[in-house]
Amino acid sequence: MHTSEGSIFYRKIILAAVLFLFWIVLTSTLVPVNIVLGAICSAFTASVSAAILGRVLDPQITLGVILRLPIFAVRLGWEIVKANYDVAKIIINPKLPIDPRITEYRTYLPGDLPKTVFANSITLTPGTVTLKIEDDKLYVHCLAAHHEEGLHEGKLERMVAYLFGVRKDA
Amino acid sequence: MMARDIIAGILCAVGTFFFILGTTGLLRLPDVFSRLHPSTKCDTLGGCSVLIGLMVHSGFSFDTLKLLLIVAFLLVSSATCGHAIGRSAFVKGIPIWKKGLEREE
Amino acid sequence: MHNYLLAVAIIIALNAFICLYRAVRGPTIQDRVLGVNIVGTKTLITIVLITYIFSEVHFLDIAMVYALLNFVVTVAVSRYLETEGWREAG
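Residues numbered from 1 in each chain as written. Chains lettered and ligands numbered in written order. Predicted model: local features only at pLDDT ≥ 70, side-chain atom pairs only at ≥ 80, totals over all residues. Heavy atoms only, no water.

## Observations concerning the interface of chain A and chain B
Formally: Contacts between residues were defined by any pair of non-hydrogen atoms, one from each residue, lying within 4.5 Å. Simply put, the buried area is the total loss of 1.4 Å probe accessible area from both parts when two parts are fitted together. Helical segments are the DSSP runs of H or I of at least four residues, strand segments are the runs of E of at least two, and each set is numbered from the N terminus. Charged residues are taken to be Asp, Glu, Lys and Arg, nonpolar residues to be Ala, Val, Leu, Ile, Met, Phe, Trp, Tyr, Cys and Pro, and polar residues to be all remaining types, Gly included.
Opposite the 37 residues of chain A that make contact, chain B presents 35 residues. Taken together, the two surfaces of chain A and chain B that pack against each other cover about 3,200 Å², and 74% of this comes from carbon and sulfur. Contact with chain B buries area across many residues of chain A, yet Asn84(A), Ile91(A) and Leu131(A) alone supply 19% of it, more than any other trio. Sorting the residues of the side of chain A that touches chain B by element identifies α1 (5–27), α3 (63–92), β1 (101–106), α4 (112–124), β2 (128–134) and β3 (137–142) of chain A as the ones contributing at least two each. If one sorts the elements of the side of chain A that touches chain B by residue count, α3(A) sits on top with eight residues. Split into classes, the residues belonging to the side of chain A that touches chain B amount to 24 nonpolar, 11 polar and two charged.

## Examining unusual backbone geometry
The phi torsion at Ser55(C) lies on the positive side, around 55°, for a residue other than glycine. Mapped onto the elements, Ser55(C) comes out in the loop between α2 (29–53) and α3 (59–83).

## Digging into the interface of chain B and chain C
Short version of the rule: When a carboxyl oxygen of Asp or Glu is within 4 Å of a side-chain nitrogen of Lys or Arg, the pair counts as a salt bridge. Definition of a polar contact: a pair of N or O atoms within 3.5 Å, with one able to donate and the other able to accept a hydrogen when the atoms are protein atoms, and with sequence-neighbouring residues admitted only if both atoms are side-chain atoms.
Each partner contributes residues to the interface: chain B has 43 residues there, and chain C has 42 residues. Summed over both partners, the interface of chain B with chain C buries about 3,900 Å², with 73% contributed by carbon and sulfur atoms. On the surface where chain B and chain C come into contact, there are three salt bridges. Applying the counting rule to chain B against chain C returns nine residue pairs in polar contact (both at pLDDT 80 or more).

## As for the pairing of β3(A)
Residues and elements named next belong to chain A. Stated formally: Relative accessible area decides the class of each residue, using a 1.4 Å probe on protein chains only: under 20% of the type maximum gives buried, over 50% gives exposed, and in between gives partly exposed. What makes two strands pair is DSSP finding at least two bridges between them.
Burial analysis of β3 places six of its six residues in the buried class, which makes it a mostly covered element. The alternating pattern of β3 places Lys137, Tyr139 and His141 on one face and Leu138, Val140 and Cys142 on the opposite face, and all of these are buried. In this structure, β1 lies alongside β3, joined through six bridges in antiparallel fashion. Directly across from Thr103, in β3, lies its bridge partner Val140. Two elements, β2 and β3, share six bridges in a ladder whose sense is antiparallel. For Thr128, the partnering residue across the bridge sits in β3 and is Cys142.

Here is the structure:
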């Protein structure tokens, strides 16, 4: 990602908008004083944060990612419901049919943020918990054999790649 | 008004059911790694379900947005907590439970 | 609806109490941290329910702070257990 002057300004605007929304939610009033104060504070924070933190926002966060987030959230929500049904069946079964194993998974997603989102999505979906990430290798704990197969199908990875607009190559 | 209460009641009941399930899993499963599964999944869905039920119950206001914020935070934090605990157990080399290899609970 | 929410809150609180078993008994330290984390999540939900039972809207802010604290405590303690000290982990 190149960081030209224009893109830094663009990301400052996004950051200021997010901060302003957060301010509105926290104050939970629409009094003019609060709105003006919030606008000033969020603009000031966004303009200063680059100097203090060394960067404005993660360069992976663009307007497209924010727009695609609701679609991703709905699909992830469906996966979470399926995951819970699956775990519920295992826990209620009196025989406790588990066969735990630790498997390794290589991902092609670049950057810290997509990897973090991917690891959290793995944790929330059927029978798998991410234990450790080393560069592009993920150690995943699976509860049973069919969970491991489900992980290696790579459906989740495609979802995260769609969210960040990453294409699989090489 | 009535339909809204019924939907909220159903969502709260589902959430409570998943909380009970998570507790059962936490008590029944044999080792740390397996216990991470019910704790991360059932608690997330249970909590989100109850919170969404309350959103439906209260109708739209600024409090709904606050609840939405808590739901989003719960989705992120629950998975990250599971990841942190699992990582510390994995790095410390706690052996994973295998079938037929009975250890003290 | 009021009594129904009260019942839900009581059941979740009882659940949290049962989860303390894992925090007290758990064979490894990680089990205890997990138990405390789950008790924290259930307490958070109970606080949100209490908001609506007693119509005290300000409790929502407390719930948000509680969620943040629960998260920070769990991550910090796991990190501490992982490194056996406060130095930077790779």
